[in-house]
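# Examining the three-dimensional arrangement
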Amino acid sequence: MTGLLEVRNLRKAFQVKGADGLEELVALEDLSFDLARGSSLAVVGESGSGKTTLARIIAGLQPATSGSVTFDGKPLAPPRRLVDRIARAREIQMVFQDPFGSLDPIQRLGSSLEEILNLHYPGDRAWRRRRVDELLEQVGLSQEFRERTPRSLSGGQRQRFAIAKAIALEPRLIVLDECVSALDVSVQAQVLNLLSDLRQALGISYLFVSHDLAVVRQVCDQCLVMQFGKLVEMGPTQLVLNAPQEPYTKSLLAAVPRPGWRPSKRTQVHQ
Amino acid sequence: MTNAIEIENLRIDLPRSGFRKRVPVINDLNLCIEEGEAVGLVGESGSGKSMTTRAIMHLLPDGAQRSGSVRYRGQEIADFDRRTLALYRSRDLGVIFQDPRAHINPLWTIGDFLVEAVVANRQMLRAEATDRAIALLAQVGISNGSQRIQQYPHQLSGGLLQRVMIVSALMPSPAFILADEISTALDVTVQSEVMAILSELRQSNRLGMLFITHDLDLAAAVTDRLAIMYAGSIVEVGPSHEISTAPKHPYTAALMASRPSLTEVRRLQTVPGRPISAFEAGNGCVFASRCSFAAARCSVERPLARQEKDRSVACHFAADLAPAISVAASQ
Ligand SMILES: Nc1ncnc2c1ncn2[C@@H]1O[C@H](COP(=O)(O)OP(=O)(O)O)[C@@H](O)[C@H]1O
Ligand SMILES: Nc1ncnc2c1ncn2[C@@H]1O[C@H](COP(=O)(O)OP(=O)(O)O)[C@@H](O)[C@H]1O
Ligand SMILES: [Mg+2]
Ligand SMILES: [Mg+2]
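Computed from a prediction, not measured in an experiment: that's the story for all the values here.

Once that is clear, we can look at the overall build of chain A. When helices and strands are tallied, chain A shows nine helices and ten strands. Taken over the C-alpha trace, chain A has a radius of gyration of 19 Å; the compact-globule value for 271 residues is 18 Å, and the two agree within 12%. With the C-alpha coordinates of chain A rotated into their principal frame, the extents come out at 60 × 45 × 45 Å. Scored against the burial criterion, the 271 residues of chain A give a buried share of 53%.

This is the structure:
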């Protein structure tokens, strides 16, 4: 079995203004890993570790400085032409923490979904309408939501709709960046169950970026730990979280509140 | 034991666009905090946690209508004259917010920020205040305080800045700490550090604290008692270790069951719908519309909080539900 996604020696440097002129800020350094077909890979690490940068490169929203990303055996470069972007959209979709930025606040949900379908599969209007019904149902939004606008939705409903858009074209990979982090616990649970169910039903792969280890355990079978843009360790989620090998992973785990936990000053401080 | 803070039958109504009349955002809230005691206020967004902070500071939004009472050391704060209120806010209360960058002037040095308030209210002279700031910075693990006080906020990481905010709250030697989601924006390792520091300082200075968060496990770890809030009311109160191991209100149990676990994967119990605010709750139990145990009575009659030893639960069926709820919460 070959990987769906193969990342090799990926590097991303930003030019930032420093004390004396432009400086190089290395967000990703020599990152290599595979994502198997149908697998759900977590990318965890603290803020600034490079998770979003990685997600954006894989979703084609940002170029890498060097290194390569291969999707289904083909090199993945940022799509330049419209046809490339359309083709990419059928393979990889992205869901953000706050989907509002990527949604038209006043376009009705039904028409927004139909528009995507029409762009890719023009013709057959009846099929499109059925497909919209099906998509809304899959993410647990009743038919009444067809006529609603993103502005009138709660955070959880909005995230469900963003997921409906992401699965509309049946992509093989969905990149999710902190997609449940802003949700209340009781709503977060609904979305996490939805993500597990969709993966079962559709066989989609996830690249699931999160800072929350418990959330990651719930939806991912593989887990990659990052610090300062470098890979710290990677393996089956259960192993990484039950028997972490690296001190950094251990310190992350030790700091998560849980029954019987006490805060401690021993954990590393970032100055 | 005397109470530092007593909130009794508090109701707050606010003007809201789309509504002709003011709507309630806090409804019949009761909560007491003893001197030196740490109480955790846990709830989801919109439940009224920050409005409770503002009620304790007596700093409500324009147009707010308040009834009931909030007392500090036995005195109604609404009766404070301007000067007393100003001193109460700046000296008796130490307030720490979620986002330090929103509450610090970016053009001031850390030193000015820490020293200015206590000098302005004539509590200390500048030199004395500077010494205290440096000493407190050392206590929160910032050893190079004399250099740090010359820096500007943008030169400090979020974790360091939040520790500066703790120092700022402690500068006037307050009796009571109000902490609203102070670690929500921090990485877990930094959160652990900041909370350990705060707990230590609180215990050595015997400070009372209201610790507001949406994270029940975190709150349980740093407080003596927990109050669980939903739609503007408190549905359950009790010792932290008891609430977090044996909840009695269906909402508390649901909160625990919907949180994924670090050690095992199981299908998460979900609560249908979304958290609501006080004005969306009808006359019945605030949680009735989402409660899987709700009966007809629940949607028409608001349950009163029933006290049993050191626990209090506002649920018509708390006694009958105990076995079912303990199963739900432990799943
Ligand atoms: N457009 C950008 N320009 C400059 N620096 C950036 C840019 N995007 C990200 N960075 C920097 O790259 C590092 C990694 O950021 P990010 O990928 O957002 O981390 P994470 O998502 O893990 O918090 C950080 O130091 C961040 O400041
Ligand atoms: N300044 C304000 N004006 C009108 N309504 C407000 C204002 N601040 C908060 N609210 C409303 O009051 C309710 C409680 O809000 P808040 O106390 O901020 O909740 P929490 O801190 O628990 O998330 C919410 O319905 C919110 O929309
Ligand atoms: Mg990020
Ligand atoms: Mg709040």
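Residue and element names in this part refer to chain B. If you check the shell around ligand 2, you find 14 residues, and the closest are Gly46, Lys49, Ser50, Met51 and Ser277. Surface burial for ligand 2 is 70%, taken as the share of its 560 Å² of free accessible area covered by protein chains. Examining the composition of the shell around ligand 2, we find that three residues originate from one element, helix H1 (residues 49–57), more than from any other. Counted by class, the shell around ligand 2 contains five nonpolar, six polar and three charged residues.

Turning next to the interface of chain A and chain B. Facing the 37 residues of chain A at the interface are 44 residues of chain B. Counting the surface lost from both chain A and chain B, the interface buries some 3500 Å², and carbon and sulfur atoms represent 54% of this. Our enumeration of links across chain A and chain B arrives at three salt bridges. Seen at the junction of chain A and chain B, the total is 16 residue pairs in polar contact (both at pLDDT 80 or more). For the side of chain A that touches chain B, the elements supplying multiple residues, two or more each, are helix H6 (185–202), helix H7 (213–219) and helix H9 (247–254) of chain A. Residues belonging to the side of chain A that touches chain B are distributed by class as follows: 16 nonpolar, 13 polar and eight charged.

So, on to the UniProt feature "domain: ABC transporter" (unreviewed entry) in chain A. UniProt records the feature "domain: ABC transporter" (unreviewed entry) for residues 5–253 of chain A in the present numbering. Its end C-alpha atoms 27 Å apart, residues 5–253 of chain A is made of 38% helix and 29% strand.

Time to look at the site of ligand 1. Residue and element names in this part refer to chain A. Close contacts around ligand 1 come from Phe14, Val16, Leu25, Ala27, Glu46, Ser47, Gly48, Ser49, Gly50, Lys51, Thr52 and Thr53, and that covers them all. Here Lys51 contributes a side-chain N or O atom positioned 2.8 Å from an oxygen atom of ligand 1. Protein coverage of the free-state accessible area of ligand 1, which is 560 Å², stands at 61%. If you list the elements that add at least two residues to the shell around ligand 1, you get strand S1 (3–18), strand S2 (21–36) and helix H1 (51–58). Of the residues belonging to the shell around ligand 1, the class tally is four nonpolar, six polar and two charged.

Residue and element names in this part refer to chain A. Partitioning chain A into domains gives domain 1 (3–91 + 171–254) and domain 2 (104–169). Look at where the C-alpha atoms of domain 1 and domain 2 centre, and you get two points 26 Å apart. With 15 residues of domain 1 at the contact, the number on the domain 2 side is 13 residues. Overall, the association of domain 1 and domain 2 removes approximately 1300 Å² of surface from exposure, summing both partners, and the carbon and sulfur fraction of that is 71%. At seven residues, H6 tops the list of elements feeding residues into the side of domain 1 that touches domain 2. Residues of the side of domain 1 that touches domain 2, tallied by class, amount to 13 nonpolar, one polar and one charged.

Moving on: unusual backbone geometry. Unlike most non-glycine residues, Asp30(A) shows phi in positive territory, near 50 degrees. Among the secondary structure elements, Asp30(A) is positioned in strand S2.

What counts and what doesn't
- The numbers attached to residues start from 1 for each chain and follow its sequence in the written order.
- The naming scheme follows written order: chains are lettered A onward, ligands numbered 1 onward.
- Given that this is a predicted model, residues contribute local features only at a pLDDT of at least 70 and side-chain atom pairs are listed and counted only at 80 or more, while totals for whole chains, interfaces and linings are drawn from all residues.
- Side-chain metrics in this entry use all non-hydrogen atoms of the structure; hydrogen atoms and water are not considered.
- Counting from the N terminus, the helices are the DSSP runs of H or I reaching at least four residues and the strands are the DSSP runs of E reaching at least two.
- Only the C-alpha atoms count toward the radius of gyration. The rule for a globule is 2.2 Å times the residue count to the power 0.38.
- For every residue, the accessible area obtained with a 1.4 Å probe (protein chains only) is divided by the maximum for its type, and the residue is called buried under 20%, exposed over 50%, and partly exposed between those limits.
- Whether a residue is near a molecule or strand depends on its heavy atoms: it is near if one of them lies within 4 Å of it.
- Only the protein chains shown count as cover for residues, and all accessible areas are computed by the Shrake-Rupley method using a 1.4 Å probe.
- Three classes are used, and their members are as follows: Ala, Val, Leu, Ile, Met, Phe, Trp, Tyr, Cys and Pro are nonpolar, Asp, Glu, Lys and Arg are charged, and the others, Gly among them, are polar.
- We call two residues contacting when some pair of their heavy atoms lies within 4.5 Å.
- Summed over both partners, the accessible area lost on bringing two parts together, with a 1.4 Å probe, is the buried area.
- Each salt bridge in this description consists of a side-chain nitrogen of Lys or Arg and a carboxyl oxygen of Asp or Glu lying within 4 Å of one another.
- Under the rule applied, a polar contact is a pair of N or O atoms within 3.5 Å (in protein, one hydrogen donor and one hydrogen acceptor; residues adjacent in sequence only if both atoms are side-chain atoms).
- UniProt positions are given in the numbering used here, feature names are shortened, and annotations may be inferred rather than shown by experiment.
- Domain segmentation is taken from an automatic or database assignment of domains.

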